[in-house]
Amino acid sequence: FFYFKIILGKNGVPVAENFQLEQSTIADTIQAGQVRVRTLYLSVDPYMRCRMNEDTGSDYLLPWQLSEVADGGGIGIVEESKHHNLAKGDFVTSFNWPWQTVAVLDGSVLQKLVPQLVNGRLSYFLGAAGITGLTALLGVREKGHVAVGANQTMVVSGAAGACGSLAGQIGRLEGCSRVVGIAGTDEKCSILVQEMGFDAAINYKKGNVAEQLRELCPGGVDVYFDNVGGDISDTVISQMNQNSHIILCGQISQYNKDVPYPPPLPPDIEKLRKERNITRERFLVLNYMDKQEASVLQLCQWIQEGKLKVRETVVEGLANIGAAFQSMMNGGNIGKQIVSVSK
């Protein structure tokens, strides 16, 4: 089998050469409780950049080890099982799936999937019906304080990414009257408005973001789903209303820097935040796992009903996962970045 390992980890911009593909053999026999799986899909996500540092800055993320097999969200099919709850042909997933074409795993750490819940689109369980969708839904519900009929305006940064593209749609489904996205290309902005139902989208690489925000959000911003941090977030926060809410999902603009998480705001923005009583609490979806099952079913229902539009950027082949990771960190994806390992 082939596997991918990390060969360099340090602060700085990750490149495809930080990863290396190697070939190895796998045991012919499996032990009681184990399953042999063939990998179908792997996920690459911004949080993985933190795992390239010796100190991930998070107590729930372990760093990838140099010259060891990398891991992350993955989906596969069981080829042989000695676990009582899993049978050959079952589709399974894990948050710590090794970046290998074939693997022997402890069956107890795997979750069985029901393809019909996502109209047979298995990869959705890594995105819209997985931890990404949960992050968007629970972020809006737990930290956004969205209320039907409250005439709230939501702004989403990183809006064409895996989480942002869902968060804006969910904000609308939960009751926001206006949703504005911020993205990095005209194509992304067009998709947000024409496909995903955003009211408007701003290409932050063109024109003055502050001016465009004032024009598109004349009543100010009530909910900000923050995926990026940095200058863009400072600009949005400066236009937020009294008693408004920041959903602190990600800070991708800061991940290549050696700063604490969440990064502190500039003094003038922090002063404004306090004066306006704007909440900015760290949000970690793993703290809400008691709501996982019901939330996944809600996401799947919206997908089946066509209320939640899903976009994926798919790269073929394990050999290209390093390049896919680098592209995703540079905004090369629209929606969820997926690596298709085998069919």
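Criteria and thresholds
Residues numbered from 1 in each chain as written. Predicted model: local features only at pLDDT ≥ 70, side-chain atom pairs only at ≥ 80, totals over all residues. Heavy atoms only, no water. UniProt positions renumbered as here; feature names shortened; annotations may be inferred. Helix = DSSP H or I, 4+ residues; strand = E, 2+ residues; numbered from the N terminus. Polar contact = N/O pair within 3.5 Å; in protein donor to acceptor, adjacent residues only side chain to side chain. Contact = heavy atoms within 4.5 Å. Pairing = 2+ DSSP bridges. Axes fitted to C-alpha atoms, helices over the stretch in contact; angles between N-to-C directions. Parallel < 35°, antiparallel > 145°, perpendicular 65-115°, else oblique. Nonpolar A, V, L, I, M, F, W, Y, C, P; charged D, E, K, R; others polar. 1 Å grid on protein atoms, 1.4 Å probe; cavity = no way out; pocket = protein on both sides within 12 Å on 5 of 7 lines; lining within 4 Å. Points joined across faces, edges and corners; volume = space filled by probe spheres on them. Domains from an automatic or database assignment. Salt bridge = Lys/Arg side-chain N within 4 Å of Asp/Glu carboxyl O. Buried < 20%, exposed > 50% of the residue type's maximum accessible area, 1.4 Å probe, protein only. Right-handed = clockwise from strand over helix to strand, strands pointing away.

The chain has the name Prostaglandin reductase 2 in an unreviewed UniProt entry, where Nycticryphes semicollaris is given as its organism. Of the comments in the UniProt record for the chain, the one headed Sequence similarities (unreviewed entry) reads "Belongs to the NADP-dependent oxidoreductase L4BD family." What the UniProt record of the chain gives under Subunit (unreviewed entry) is the line "Monomer."

Asks: Sorry, what's going on with the side chain of Gln-152 here?
Replies: On the secondary structure map, Gln-152 appears in the loop between helix H1 (131-143) and strand S8 (153-157). Here the side chain of Gln-152 touches His-145 through a polar contact of 3.0 Å, landing on its backbone oxygen. If near-sequence neighbours (up to four positions away) are discounted, Gln-152 is found in contact with Gly-144, His-145, Val-146, Ala-147, Cys-176, Ser-177, Arg-178, Asp-222 and Val-223.

Asks: In this structure, what is going on with the sheet that holds S8? I would like to understand it.
Replies: The strands making up a sheet associate through hydrogen bonds between their backbones, and the pairing can be parallel or antiparallel. The strand order S10-S9-S8-S11-S12-S13 describes an open sheet built from six strands, whose pairing is parallel. Among the strands making up the open sheet, the edge pair consists of strand S10 (200-203) and strand S13 (279-282). Within this sheet the neighbouring strands show an average axis-to-axis angle of 20 degrees, counted without direction. Seen against the sheet, H1 touches S8, strand S11 (221-226), strand S12 (240-248) and S13 and runs at an angle of roughly 145 degrees to S12. Contacts from helix H3 (residues 186-194) reach strand S9 (178-183) and S10 within the one sheet, and its direction differs from that of S10 by about 170 degrees.

Asks: Just to check I follow, could you spell out the packing of H1 against helix H7 (residues 292-305) for this structure?
Replies: Contact geometry of H1 with H7 gives a least axis separation of 10 Å together with a crossing angle of 105 degrees. Considered as vectors, H1 and H7 are oriented roughly perpendicular to each other. In this structure, H1 uses Gly-133, Leu-134, Leu-137, Leu-138 and Arg-141 to contact H7, whose residues at the interface are Gln-292, Ser-295, Val-296, Gln-298, Leu-299 and Trp-302. Class assignment for the residues of the contact of H1 with H7 results in six nonpolar, four polar and one charged.

Asks: So what exactly am I meant to see when it comes to the layout of surface pockets here?
Replies: In this approach, a probe sized like a water molecule rolls over the atoms, and the result shows the empty space that is left. Here the second largest pocket defines a volume of roughly 570 Å³. In terms of lining, the second largest pocket is formed by 28 residues, of which the most central are Thr-93, Gln-111, Phe-125, Gly-130 and Gln-292. Looking at the lining of the second largest pocket, the elements with two or more residues in it are strand S4 (71-81), strand S5 (91-98), strand S7 (111-112), H1 and H7. Class assignment of the residues belonging to the lining of the second largest pocket gives a composition of 15 nonpolar, nine polar and four charged.

Asks: Teacher, can you tell me more about empty space enclosed by the protein here?
Replies: Tallying each qualifying case throughout the model produces one cavity of 30 Å³ or more. Of the pockets and cavities examined, the largest cavity occupies roughly 40 Å³. As for the largest cavity, its lining consists of Gly-127, Ala-128, Ala-162, Ser-165, Leu-166, Val-310, Arg-311, Gly-335 and Lys-336. The element that contributes the greatest number of residues to the lining of the largest cavity is helix H2 (residues 162-174), accounting for three residues. Here the residues of the lining of the largest cavity sort into four nonpolar, three polar and two charged. In terms of domain composition, the lining of the largest cavity takes at least three residues from each of domain 1 (2-127 + 311-340) and domain 2 (133-286).

Asks: Honestly, the pattern of salt bridges in this entry has me stumped. Any pointers?
Replies: It is possible for side chains of opposite charge to pair when their charged atoms get near one another. Scanning the entire structure with this criterion turns up 15 salt bridges. Among the salt bridges present, the one from Lys-112 reaches Asp-90, with a minimum N-O distance of 3.8 Å. Note that Lys-112 is positioned in strand S7 and Asp-90 in the loop between S4 and S5, a separation of 22 residues in sequence. Its salt-bridge partner being Arg-141, residue Glu-174 comes within 3.0 Å of it at the nearest N-O pair. Of this pair, Glu-174 sits in helix H2 while Arg-141 sits in helix H1; the two residues are 33 residues apart in sequence, bridging distant segments of the chain.

Asks: Can you help me understand the environment of Asp-199 in this one?
Replies: In this structure, Asp-199 sits in the loop between H3 and S10. Separated by 27 residues in sequence, Asp-199 and Arg-172 place their C-alpha atoms 9.8 Å apart. Among all residues touching Asp-199, those that are not within four sequence positions of it are Arg-172, Ser-177, Arg-178, Val-179 and Val-193. In this structure the side chain of Asp-199 is engaged in a polar contact, spanning 2.2 Å, whose partner is the side chain of Arg-172. For Asp-199, the side chain forms a polar contact with the main-chain nitrogen of Val-179, separated by 2.8 Å.

Asks: What's the story with the pairing of strand S15 (residues 336-340) in this structure? I'm lost.
Replies: Residues in a regular strand point their side chains to alternate faces of the sheet. Burial within S15 is extensive, with five of its five residues counted as buried. The side-chain alternation of S15 yields two buried faces, one formed by Lys-336, Ile-338 and Ser-340 and the other by Gln-337 and Val-339. Relative to S15, strand S3 (residues 34-43) runs antiparallel, the two being bridged by three bridges. Each residue of the ladder has a partner; that of Ser-43, found in S15, is Ile-338. Alignment of strand S14 (residues 312-316) against S15, held across five bridges, turns out to be parallel. Across the sheet, Thr-313 pairs through a bridge with Gln-337, a residue of S15. At this point the chain moves from S14, through helix H8 (residues 321-329), to the parallel S15, and the crossover so formed is right-handed.

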